[in-house]
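# Per-entry structural report
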Protein chains: 2
Amino acid sequence: MSDVIERSGARPIAFAGGPLDRVDQIRIDPERLAETWADPRAQVIVLDELDPVPAEGGLLETISVTADARLVDHALLGVRPDGSPLFVSLLPYPRSEQEPVFPPRTWQIAALLQAEELAIYGGARSLADWHQRHPYCAKCGQPTEPIKAGWARQCSACSTEHFPRTDPVVIMLAEYQGKVLVGRNGRFPPRRFSALAGFVEPGETIEEAVRRELFEEAGIRVGRVDYLMSQPWPFPSQLMIACVAQAEDDTLTLDTAEIAEAIWVGRADVVKAFAEEEDALFLPPSSIAVARHMLELWLERS
Amino acid sequence: MSDVIERSGARPIAFAGGPLDRVDQIRIDPERLAETWADPRAQVIVLDELDPVPAEGGLLETISVTADARLVDHALLGVRPDGSPLFVSLLPYPRSEQEPVFPPRTWQIAALLQAEELAIYGGARSLADWHQRHPYCAKCGQPTEPIKAGWARQCSACSTEHFPRTDPVVIMLAEYQGKVLVGRNGRFPPRRFSALAGFVEPGETIEEAVRRELFEEAGIRVGRVDYLMSQPWPFPSQLMIACVAQAEDDTLTLDTAEIAEAIWVGRADVVKAFAEEEDALFLPPSSIAVARHMLELWLERS
């Protein structure tokens, strides 16, 4: 099954469901781009060290385009349903060099945003962050400049074009005799478990990546793999591809460098975890994570 | 449905089904990596301007590790089922700067390889090509060096690690009243049609990317989107994510910069095209392309 974002009664997937028209034609049309920038309705998203700034009603804080702002320093995210163009600045954001992989402050602020605003934020953060981390040409080492309304950079010396990265990641539940496998990374808080996950490598399908990761991390072999749903994850820029895989056996051999603990949990265990009961076997993944949706969908079906 | 690579009777998907154990633990263990390199069974794939060199029996041409070869100039692709380690050189390959997007010579040679060897080649090509095109640090502009057995590069100046790119691409058939939509890019040979496709952008799900691309390229709105299968595509390094989408209408508005022609084709049209009949409406996608598998699967089901 597919596209569960739209199944009736399901919570929206965090960072999905963005309402913007991405107006790809305007990105490469300098005249229309300049008109869009000059539109009195144009707004620029305010970011605080790449975190969102919530405004009233769960909206993103935005400001009008100021007189000294330059189009070339901004990316055109798209146009809102009411016709107002939305930009994000590509100028450096002050930020901690030691930012954790799971930034807790961002998650707390994100919870204050409406679902559609969170989706806009996710795309804006990924794009702005990519520009911050890629000012030079990986081919020749010379400086690059934003082009195509911030949707690419071009080298000033060798003209090579570079595009924002989106790294596909498989995230999966192995299933065996009515139970599913959840794991705890050593960096997670105590008792917090999630689905296992890993980057798709060159030369493999989604299904092959699922099988490889489950074997590498947990030592289990799986047969059939089914796609469930996907999520854009902006820390910094993953495409989470969620699957369920049928395990041939439940014996675990953990790669302890990746997985501190892993447990097979049944329907009752997941229900208790979601209810946050005191004697629950584990703490479930955050509601912002696709892993939470995967477990919810598994409960619905099992 | 998912994982059609394994549905009975289906042709293997080109570049999928690689037989190597990727031995990720060895990549980050210098001692075991040195042992693997010193293994008398170790082989290095021979590439000719990044093209494969077919040997007898549809195998890839390989050579033993020579006395003057250096481990640091090679990536460990993995270990074959017979225990022999397989490497690819990361040293520069002579190649044309003006390589076409669809390299016809590569496709002709690829057809000579066994399916499993083609899968090994695809991963090797993507990885070697990424190293060629990314010798400098995108963050600071200084030179980078391969680390982790060729599965990453690290900056000599700022220590930033860079990983091979895998760019997710959605490729989709829109379906409407028993017909599916196929399109012809202006760069394709005359009469050759395929499925529409486009890169997944930051901040969108797979399903959202399918909807956006079909609207941008063909002007059609779609509802339900279902995942079909995936394919690693090594020109240079895409993950093709194949879907079918239910169109709300069949009126086309083409973005002629992307799509020269698009047509709705029925079951009989696809059967004729596959049979290469003279009066066929179109030439089908190459058997190496996931679009061909998508049409085959659609015929099976429709």
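A count of helices and strands for chain A gives seven helices and 15 strands. For chain A, the spread of C-alpha atoms along the three principal axes comes to 60 × 45 × 35 Å. Put simply, 63% of the contacts in chain A that link residues at least 6 apart link residues at least 24 apart.

All names here are of chain A. Spatial strand order, S4-S1-S6-S5: four strands in an open sheet with mixed pairing. In this open sheet, the two strands that pair with only one neighbour each are strand S4 (62-64) and strand S5 (74-79). Averaged over all neighbouring strand pairs, the angle between strand axes comes to 35°, with direction disregarded. Relative to strand S6 (residues 85-89), strand S1 (residues 43-45) is paired through three bridges, and the arrangement is parallel. Counted as the bridge partner of isoleucine 45 is valine 88 from S6. Strands S1, S5 and S6 of the sheet are contacted by helix H4 (residues 115-133), whose axis makes an angle of about 40° with S6.

Before going further, it helps to spend a moment on the interface of chain B and chain A. Contact residues are listed per partner, giving 47 residues for chain B and 47 residues for chain A. At the level of secondary structure, the elements contributing two or more residues to the side of chain B that touches chain A comprise helix H4 (115-133), strand S10 (167-176), helix H5 (206-218) and strand S13 (222-233) of chain B. Of the residues contributing to the side of chain B that touches chain A, the split by class is 18 nonpolar, 14 polar and 15 charged.

A separate point is the relation of the copies chain B and chain A. For the pair chain B and chain A, the best superposition has an RMSD of 0.0 Å and corresponds to a rotation of 180° with a translation of 0.0 Å parallel to the axis. The relationship between the two copies is best expressed as a two-fold rotation axis. Within chain B, the C-alpha atom positioned nearest to the axis of rotation is that of Gly141(B), 2.1 Å from it.

What follows concerns the domain arrangement of chain A. Residue and element names in this part refer to chain A. We note that the domain assignment places domain 1 (12-124) and domain 2 (167-301) within chain A. For domain 1 and domain 2, the distance between their C-alpha centres works out to 31 Å. Listed as interface residues are nine residues of domain 1 and, on the opposing side, 11 residues of domain 2. A class-by-class count of the residues in the side of domain 1 that touches domain 2 yields eight nonpolar, one polar and no charged.

Grouped together as the largest cluster of nonpolar side chains are 148 residues, with contacts concentrated most on Met172(A), Cys243(A), Met172(B) and Cys243(B). The contacts of Met172(B), once residues within four sequence positions are left out, are Ala195(B), Leu196(B), Val210(B), Leu214(B), Cys243(B), Val244(B) and Ala245(B). Tyr136(A), Cys137(A), Ala138(A) and Cys137(B) belong to the second largest nonpolar core, which has six residues in total.

Moving on, we come to the sheet that holds strand S5 (residues 74-79) of chain B. All names here are of chain B. The four strands lie next to each other as S4-S1-S6-S5, forming an open sheet whose pairing is mixed. At either margin of the open sheet sits one strand with a lone partner, and together these are strand S4 (62-64) and S5. Pairwise comparison of adjacent strand axes, ignoring direction, gives a mean angle of 35° for this sheet. Examined bridge by bridge, strand S1 (residues 43-45) and S4 share three bridges and lie antiparallel to one another. Bridging across to S4, valine 44 finds its partner in isoleucine 63.

What follows is about the environment of Val23(B). All names here are of chain B. Along the chain, the position of valine 23 falls in the segment before helix H1 (24-27). Judged by the 18 C-beta atoms lying within 10 Å of it, valine 23 falls in the partly exposed class. Along the sequence, valine 23 and proline 85 sit 62 residues apart, while their C-alpha atoms lie 9.8 Å from each other. Setting aside residues up to four positions removed in sequence, valine 23 forms contacts with Gly78 and Val79.

Two faces belong to every sheet, and in a regular strand the side chains alternate between them. Residue and element names in this part refer to chain A. Bridge count for strand S7 (residues 144-147) against strand S8 (residues 152-155) is four bridges, and the pairing is antiparallel. Its bridge partner being in S8, threonine 144 is matched across the sheet by cysteine 155. The hairpin turn running from S7 into S8, its antiparallel successor, is four residues long, and lysine 148 in that turn takes a positive phi close to 50°. Looking at chain direction, S8 and strand S9 (residues 161-162) are connected through two bridges and run antiparallel. In the strand pairing of S9, arginine 153 is matched with histidine 162. Between S8 and S9, which pair antiparallel in sequence order, lie five residues; one of them, serine 159, sits at a positive phi of approximately 70°.

Fine structural detail should not be taken from predicted coordinates in areas where pLDDT scores are low. Model confidence for chain A is summarised by a mean pLDDT of 93, while 94% of its residues fall at 70 or above. With a pTM of 0.96, the predicted complex shows an ipTM of 0.96.

Right, let's get into helix H7 (residues 290-301) of chain B. Residues and elements named next belong to chain B. For H7, which comprises 12 residues, the first-to-last C-alpha distance of 17 Å matches the rise-based estimate of 16 Å (1.5 Å per residue) to within 8%. Of all the positions in H7, only Val290, Ala291, His293, Met294 and Leu295 are classed as buried. Where the residues of H7 are buried, they touch S10, S13, strand S14 (238-247) and helix H6 (267-274).

What follows deals with the environment of Pro40(A). Along the polypeptide, Pro40(A) turns up in the loop between helix H2 (30-38) and S1. Measuring from C-alpha to C-alpha, the distance between Pro40(A) and Pro85(A) comes to 9.2 Å, with 45 residues separating the pair along the chain.

Here the focus is unusual backbone geometry. Cis geometry is adopted by the peptide bond preceding Pro236(A), which originates at Phe235(A) and carries an omega value of 0°. Looking at the element boundaries, Pro236(A) is found in the loop between strand S13 (222-233) and strand S14 (238-247). Positive phi, normally seen in glycine, also occurs at Gln177(B), with a value near 45°. The topology assignment puts Gln177(B) in the loop between S10 and strand S11 (179-184). Judged by C-beta crowding, with 8 C-beta atoms within 10 Å, Gln177(B) ranks as exposed.

This part takes up the environment of Ser159(B). Residues and elements named next belong to chain B. Topologically, serine 159 is positioned in the loop between strand S8 (152-155) and strand S9 (161-162). A tally of 11 C-beta atoms within 10 Å means that serine 159 is categorised as exposed. With 142 residues separating them in the primary sequence, serine 159 and glycine 17 have C-alpha atoms 35 Å apart.

About the thresholds
Residues numbered from 1 in each chain as written. Chains lettered and ligands numbered in written order. Predicted model: local features only at pLDDT ≥ 70, side-chain atom pairs only at ≥ 80, totals over all residues. Helix = DSSP H or I, 4+ residues; strand = E, 2+ residues; numbered from the N terminus. Contact = placed C-beta atoms within 7 Å. Pairing = 2+ DSSP bridges. Axes fitted to C-alpha atoms, helices over the stretch in contact; angles between N-to-C directions. Nonpolar A, V, L, I, M, F, W, Y, C, P; charged D, E, K, R; others polar. Least-squares fit on C-alpha atoms with pLDDT ≥ 70 in both. Domains from an automatic or database assignment. Core = buried A, V, L, I, M, F, W, Y, C linked by C-beta atoms within 7 Å. Buried ≥ 20, exposed ≤ 12 C-beta atoms within 10 Å, placed from the backbone. pLDDT = per-residue confidence, 0-100. Expected span 1.5 Å × (residues − 1).

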